[in-house]
Amino acid sequence: MSPRVLLVDDEANIRRMVGALLESEGFETVEAPDGTAALARVTHDPPDVVLLDLMMPPGPDGLATLEQIKKRAPHLPVVMMSGKANLADAVRATKLGAFQFLEKPLTPEGVLVALRGALELGRTLAENRRLHEQLGHADPLVGTSAAMDELRALIARVAPTESRVLITGESGTGKELVASAIHRQSARGGAGKPFVTVNSAALPRDLVESEMFGHERGAFTGATERRQGRFELADGGTLFLDEVGDLGPEAQAKLLRVLEAGVVERVGGERPFAVNVRVLAATNKELGQAVRQGHFREDLWFRLNVLPIHIPPLRERPEDVAPLVRHFATRCAARLGHPVRFDAGALPLLAAYAWPGNVRELANIIERLAILATSDTLTAADVARVLPQDGAAGGRAAPGSPDAPWHDVSLTDTLDQRERELIARALSAARGNVAEAARRLMTDRANLYRRMRRLGIEPPRNMTGSN
């Protein structure tokens, strides 16, 4: 079916000309001369997208109409247009949820690009909502490889038990997702019991006992009130101990006592109390080697490693890259407000990369590409610009090697630098005309101004009033 556009403008000539353009391009158009009529249309016969004028005297203006549309149909994409708008109007429209802001006089290309982008976003969001409604708490583990099928089967076998599980795998492989899936498929998860996570590596050594087991008021300096620990918060449910290999010797001994006796004592408390908690643990370390080296207690390892689950690295299952790319692209599109697609040449390049940072690195790369995209479809050239080539980018070890450290790479700084370069090139090509640079970057002028201010980019000196 043809996409339906609600065209809202108080000028009949504008409605007639734009309507003729849209119908010649395969759109179906319905018209409204003011905000009141537009809201009635949205309520009783909702369109696929709205093209809304800003100034519509004497009734409610476009911004007031936009606000009401978003209250009645939050996911309906709206493109604003005006011949008398200022930067404040554009900023407010963006905050109220407008997809794009077009300046009059309109150009056929500008109108069509904006509406098609808004429709694509609307379809993406609708598909996301449909899948969420259909699948509910569906499998969050994305992948079609045999390894992922085996992982899902193993989760299905261990989830109904009450046994402890030790999840191993490199950093970024999705160990918390596996733990969450085990909890969800267990009787505890089915009964709505809590799933509580502890990042052992992030706990200060002097606060581990308090964080895990809680404390009484006055137990130590700064303990101004009683606090429940993570074991107590997880009572009846599941406690996930992430990066358990980073616990110090004292914390390991106290954890062992809780696992053996099933009781917890708050710091400063007088009596221990029982807790009913299933413990799942995860680590990216080789705990057997840590035991041999004296860094991890053997008896604790035996207690945790009842049912081992290993997640293979992404480089060993390259067939999972494509579905993961689609998953993260859809998520980025919903968050950023514009479609994110890859052409046929981009996916093989992504699948061929070694992914030393595993799924987490892939998610970061897709987000980086989505933010820096200058068109709706990303190409192999776009991917090649952000992937390290044959290893030693900036002196780093080769991708896939065990010495490749990705924890010291600032994603924010990298994105900001790349965005500065793109904006500078667009401004140069547009001879300092900000409106033209925004068009080249497939965004609106108000958004480009905001990005320039955030990045500390000075407007060109030769800017004119038309910019």
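Before reading on, note that the structure itself is shown above.
Note that this is a predicted model, so its numbers are computed, not measured. (Residues numbered from 1 in each chain as written. Predicted model: local features only at pLDDT ≥ 70, side-chain atom pairs only at ≥ 80, totals over all residues. Heavy atoms only, no water.)

Engineer: Any details on the overall build of the chain? Residues and values, ideally.
Structural biologist: What the chain contains, in helices and strands, is 20 helices and 16 strands. Scored against the burial criterion, the 467 residues of the chain give a buried share of 45%. A separation threshold of at least 6 residues defines the contact pool for the chain, and within that pool the share at least 24 residues apart is 70%. For the chain, the accessible area works out to roughly 23,300 Å², and carbon and sulfur atoms hold 51% of it. (Helix = DSSP H or I, 4+ residues; strand = E, 2+ residues; numbered from the N terminus. Buried < 20%, exposed > 50% of the residue type's maximum accessible area, 1.4 Å probe, protein only. Contact = heavy atoms within 4.5 Å. Areas by Shrake-Rupley, 256 points an atom, 1.4 Å probe, with all protein chains shown as cover.)

Engineer: A description of the sheet that holds strand E4 (residues 78–82) should follow, citing residues and the corresponding values.
Structural biologist: Pairing is parallel across the open sheet formed by 5 strands, whose spatial order is E2-E1-E3-E4-E5. Looking at which strands have only one partner, the edges of the open sheet turn out to be strand E2 (28–32) and strand E5 (100–103). Neighbour-to-neighbour, the strand axes of this sheet turn through a mean angle of 20°, independent of strand direction. Pairing of strand E1 (residues 4–8) with E2, which is carried by 5 bridges, proceeds in the parallel orientation. What sits directly across from Leu-6, in E2, is Val-30. (Pairing = 2+ DSSP bridges. Axes fitted to C-alpha atoms, helices over the stretch in contact; angles between N-to-C directions.)

Engineer: Just give me the short version of the side chain of Thr-173, but keep the residues and values in it.
Structural biologist: You can see Thr-173 is positioned in the loop between strand E6 (165–168) and helix H7 (175–184). Within the local environment of Thr-173, its side chain forms a polar contact with the backbone oxygen of Glu-170, the two atoms lying 2.8 Å apart. (Polar contact = N/O pair within 3.5 Å; in protein donor to acceptor, adjacent residues only side chain to side chain.)

Engineer: Which residues make up the sheet that holds E6, and what values do they have?
Structural biologist: Pairing within the open sheet is parallel, and its 5 strands lie in the order E7-E10-E13-E6-E14. Looking at strand neighbours, the two that pair on one side only are strand E7 (195–199) and strand E14 (307–310), the edges of this open sheet. Strand-to-strand twist in this sheet, taken as the mean axis angle between neighbours without regard to direction, amounts to 20°. Note that E6 and E14 share 4 bridges and pair parallel. Within the sheet, the bridge partner assigned to Thr-168 lies in E14 and is His-310. Along the sheet, helix H6 (residues 146–158) makes contact with E6, strand E13 (278–283) and E14, crossing E14 at roughly 160°. Lying over the sheet, H7 contacts E6, E7, strand E10 (238–242), E13 and E14, oriented at roughly 150° with respect to E6.

Engineer: Mind laying out the nonpolar core, listing which residues take part and the relevant values?
Structural biologist: Among the nonpolar cores identified, the biggest contains 29 residues, and Met-212, Phe-231, Leu-239, Leu-241, Val-244, Leu-255 and Leu-304 are the most heavily contacted of them. Contributing elements (two or more residues each) for this core: E7, helix H9 (208–213), E10, helix H11 (249–261), E13, helix H12 (287–292) and helix H13 (298–304). At 5 residues, H11 tops the list of elements feeding residues into this core. Here Leu-304 is in contact with Arg-164, Val-165, Leu-166, Val-244, Leu-259, Val-279, Ala-281 and Phe-296, once residues within four sequence places are set aside. Grouped together as the second largest cluster of nonpolar side chains are 25 residues, Tyr-353, Val-359, Leu-369 and Val-383 included. (Core = buried A, V, L, I, M, F, W, Y, C linked by side-chain atoms within 4.5 Å.)

Engineer: A description of the packing of helix H4 (residues 87–96) against helix H20 (residues 445–455) should follow, citing residues and the corresponding values.
Structural biologist: Helix-helix packing is characterised by the crossing angle of the two axes and by the distance between the axes. With their axes 9 Å apart at the nearest point, H4 and H20 run at an angle of 90° to one another. Put simply, H4 runs roughly perpendicular to H20. Counted together, Leu-87, Ala-90, Val-91 and Thr-94 of H4 and Ala-446, Tyr-449, Arg-450 and Arg-453 of H20 form the full contact between these two elements. By residue class, the composition of the contact of H4 with H20 is 5 nonpolar, 1 polar and 2 charged. (Parallel < 35°, antiparallel > 145°, perpendicular 65-115°, else oblique. Nonpolar A, V, L, I, M, F, W, Y, C, P; charged D, E, K, R; others polar.)

Engineer: Go over the packing of aromatic side chains with me, naming the residues and quoting the values.
Structural biologist: What the rule picks out here adds up to 4 aromatic pairs. With 6.3 Å between their ring centres and 15° between their planes, Phe-195 and Phe-240 make a pair best called stacked. Taken together, the residues Phe-195 in strand E7 and Phe-240 in strand E10 connect sequence positions 45 residues apart. Take Phe-195: its relative accessible area is 25%, and that puts it in the partly exposed class. Overall, Phe-240 belongs to the buried group, its relative accessible area being 0%. With a centroid separation of 5.6 Å and an interplanar angle of 20°, the aromatic rings of Trp-301 and Phe-302 are classed as stacked. (Phe/Tyr/Trp six-rings, centres within 6.5 Å; stacked < 30°, edge-to-face > 60°.)

Engineer: Go over the pattern of salt bridges, please, and point to the residues and values.
Structural biologist: Inspection of every chain in the model, using the stated rule, returns 20 salt bridges. Its salt-bridge partner being Arg-116, residue Glu-25 comes within 3.0 Å of it at the nearest N-O pair. With Glu-25 in the loop between helix H1 (12–24) and E2 and Arg-116 in helix H5 (residues 108–135), the pair connects residues that are 91 residues apart, well separated along the chain. For Arg-116, a relative accessible area of 41% gives the class partly exposed. Between Lys-285 and Asp-246 there is a salt bridge whose closest N-O contact spans 3.3 Å. Of this pair, Lys-285 sits in the loop between E13 and H12 while Asp-246 sits in the loop between E10 and H11, and the two are 39 residues apart along the sequence. Using a relative accessible area of 38% as the deciding quantity, one classes Lys-285 as partly exposed. Look at the salt bridges and you will find they share partners, linking Asp-9, Asp-53 and Lys-104 into a network. (Salt bridge = Lys/Arg side-chain N within 4 Å of Asp/Glu carboxyl O.)

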